[in-house]
Amino acid sequence: MQNNKVVLIVIDALRFDTACTHMGFLHHLVERQVAARYKICAEVPSLSRPLYETILTGTPPIVHGVTSNMTVRLSTQKSVFHVAKEHGLSTAASAYHWVSELYNRAPFNYMEDRLQLDTQLPIDNGLFYFEDHYPDSHVFADAAWLMDQKQPDFLYIHPMNVDDDGHKFTADSAQYRNRVLAMDALLSLFIPKCMAQGYEVIVTADHGMTSDGNHGGTTHEDRHVPLFVISDSVKAGIKEGIISQLQIAPLCCHLLNMEPADDMVPLLLEGMYTAKEV
């Protein structure tokens, strides 16, 4: 079976409701039957580092043990990066340095680890940043370089400015909403590039953001985030109900035509086509 190529974009702190009201391009794709939209319930604690690990390993914090942003160590689980490498696929990431600390090297050395190219690590090629205000436009430019120069089978992209503005100004602010609009504009340039190069695309978030300018709790504002999927394997349109964040890792494996890791939950996503139907 031929392997598909997948781009996973995790927009830090993108709330579900704000995504629904301020991401016009993504909803254009939904309306034109190109993308599917789901509502995800994030695991708790609704913090960044634990949920990066949850998204990429399909396991909850009580299993993977990354229960705090202060847990600085390599992952002990088998992530999508690990599974891809086992299947002979290439991997890449344009992401915050905590992702490098989970899968390549920990702790992150600011003078040595920003550019990690042609490694023998779970992330073959990584361009990592370490300032929360590092421009989202640069994150996608880095990702475009990786796509063009390294042609990875699995590309992980993680922009931070929505989270940064949420902390500075709260989710109930023009700055936060306008940053989401700006993210949608970047996606309107980047997603067509992905599709032209044969990639299937997943867009989601780790957690949300509250009117207090924070996250970590159990409210809908903390936990409800979007999931957009552009794939021939997923029926387009708006899906009802709420699904678990644990579904993202096995979804990535499915789209890459790989068996998921043993600790990942079964993929039970409404709108999935079977091989016979595709």
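Residues numbered from 1 in each chain as written. Predicted model: local features only at pLDDT ≥ 70, side-chain atom pairs only at ≥ 80, totals over all residues. Heavy atoms only, no water.

Caption draft 1: Expanded view of the side chain of Asn-125. With respect to the helices, strands and loops of the structure, Asn-125 is situated in strand 5 (residues 125–129). A polar side-chain atom of Asn-125 sits 2.7 Å from the main-chain amide nitrogen of Asp-118. Residues in contact with Asn-125, not counting those within four places in the same chain, are Thr-91, Ala-92, Ala-93, Gln-116, Leu-117, Asp-118, Leu-146 and Lys-150. (Helix = DSSP H or I, 4+ residues; strand = E, 2+ residues; numbered from the N terminus. Polar contact = N/O pair within 3.5 Å; in protein donor to acceptor, adjacent residues only side chain to side chain. Contact = heavy atoms within 4.5 Å.)

Caption draft 2: Region of interest: the sheet that holds strand 3 (residues 91–96). Taking strand neighbours across the sheet as the criterion, the 9 strands line up as 4-5-3-6-1-7-8-2-9 in an open arrangement whose pairing is mixed. Both outer strands of the open sheet, strand 4 (115–116) and strand 9 (237–244), are each paired with one neighbouring strand and no more. Where strand 4 and strand 5 come together, 2 bridges link them in antiparallel fashion. Pairing of Leu-115 across the sheet is with Leu-127, part of strand 5. (Pairing = 2+ DSSP bridges.)

Caption draft 3: Representation of the nonpolar core. Within the largest apolar cluster, 87 residues are counted, with the highest numbers of intra-cluster contacts made by Leu-8, Ile-9, Phe-154, Tyr-156, Leu-187 and Phe-190. Ranked by the residues each element gives to this core, the list is headed by helix 9 (residues 174–196), at 8 residues. Once residues within four sequence positions are removed from consideration, Phe-190 is found in contact with Val-7, Ile-9, Phe-140, Ala-143, Ala-144, Met-147 and Ile-157. (Core = buried A, V, L, I, M, F, W, Y, C linked by side-chain atoms within 4.5 Å. Buried < 20%, exposed > 50% of the residue type's maximum accessible area, 1.4 Å probe, protein only.)

Caption draft 4: Highlighting the packing of aromatic side chains. For the structure shown, the criterion picks out 11 aromatic pairs. Seen from their ring centres, Tyr-96 and Trp-98 are 5.3 Å apart, and the 65° between their planes marks the pair as edge-to-face. This pair shows no difference in class: Tyr-96 is buried, exactly as Trp-98 is. Clustering of aromatic rings is evident, with ring pairs tying together Tyr-52, Tyr-96, Trp-98, Tyr-129 and Tyr-134. Sitting above the plane of the Trp-98 ring, Arg-49 keeps its charged end 4.3 Å from the centroid. (Phe/Tyr/Trp six-rings, centres within 6.5 Å; stacked < 30°, edge-to-face > 60°. Lys NZ or Arg CZ within 6 Å of the ring centre and 35° of its normal.)

Caption draft 5: Local environment of the pairing of strand 3. For strand 3, the buried fraction is high: 6 of the 6 residues fall into the buried class. Strand direction decides the pairing type here: strand 3 and strand 5, joined by 5 bridges, are parallel. For Ala-93, the partnering residue across the bridge sits in strand 5 and is Gly-126.

Caption draft 6: Spatial organisation of helix 2 (residues 24–31). Buried within helix 2 we find Phe-25, Leu-26, His-27, Leu-29 and Val-30. In this fold, the buried residues of helix 2 make contact with helix 1 (16–22), strand 2 (36–41), helix 9, strand 7 (199–204), strand 8 (224–230) and strand 9. Gln-33 sits one or two residues past helix 2 and shows a positive phi near 60°.

Caption draft 7: Representation of the environment of Val-66 within the structure. If you trace the backbone, Val-66 turns up in the loop between helix 4 (61–64) and helix 5 (80–86). Owing to a relative accessible area of 0%, Val-66 belongs among the buried residues under this scheme. Val-66 sits 11 residues away from Gln-77 along the chain, and the two C-alpha atoms are 10 Å apart. Ignoring sequence-local partners within four residues, the contact set of Val-66 consists of Arg-49, Pro-50, Glu-53, Pro-61, Thr-71, Arg-73 and Leu-102.

Caption draft 8: Quick look at the pattern of salt bridges. Inspection of the entire model under this criterion finds 10 salt bridges. Among the ionic pairs, Asp-124 bridges to Lys-85, the shortest N-O distance being 2.3 Å. A residue pair is termed long-range when its members are at least 10 positions apart, and Asp-124 in the loop between strand 4 and strand 5 and Lys-85 in helix 5 qualify at 39 residues. Overall, the relative accessible area of 28% leaves Lys-85 in the partly exposed class. (Salt bridge = Lys/Arg side-chain N within 4 Å of Asp/Glu carboxyl O.)

Caption draft 9: Local environment of the side chain of Arg-223. Among the structural elements, Arg-223 can be located in helix 10 (residues 220–223). The buried charged residue Arg-223 lacks any salt bridge, with Glu-43 as its nearest oppositely charged partner at 5.2 Å. A polar contact is formed between the side chain of Arg-223 and the backbone oxygen of Ala-42, at a distance of 2.8 Å. Residues in contact with Arg-223, not counting those within four places in the same chain, are Ile-40, Cys-41, Ala-42, Glu-43, Val-44, Gly-217 and Thr-218. (Lys, Arg positive; Asp, Glu negative; His and termini not counted.)

Worth remembering: the numbers are spatial, not functional.
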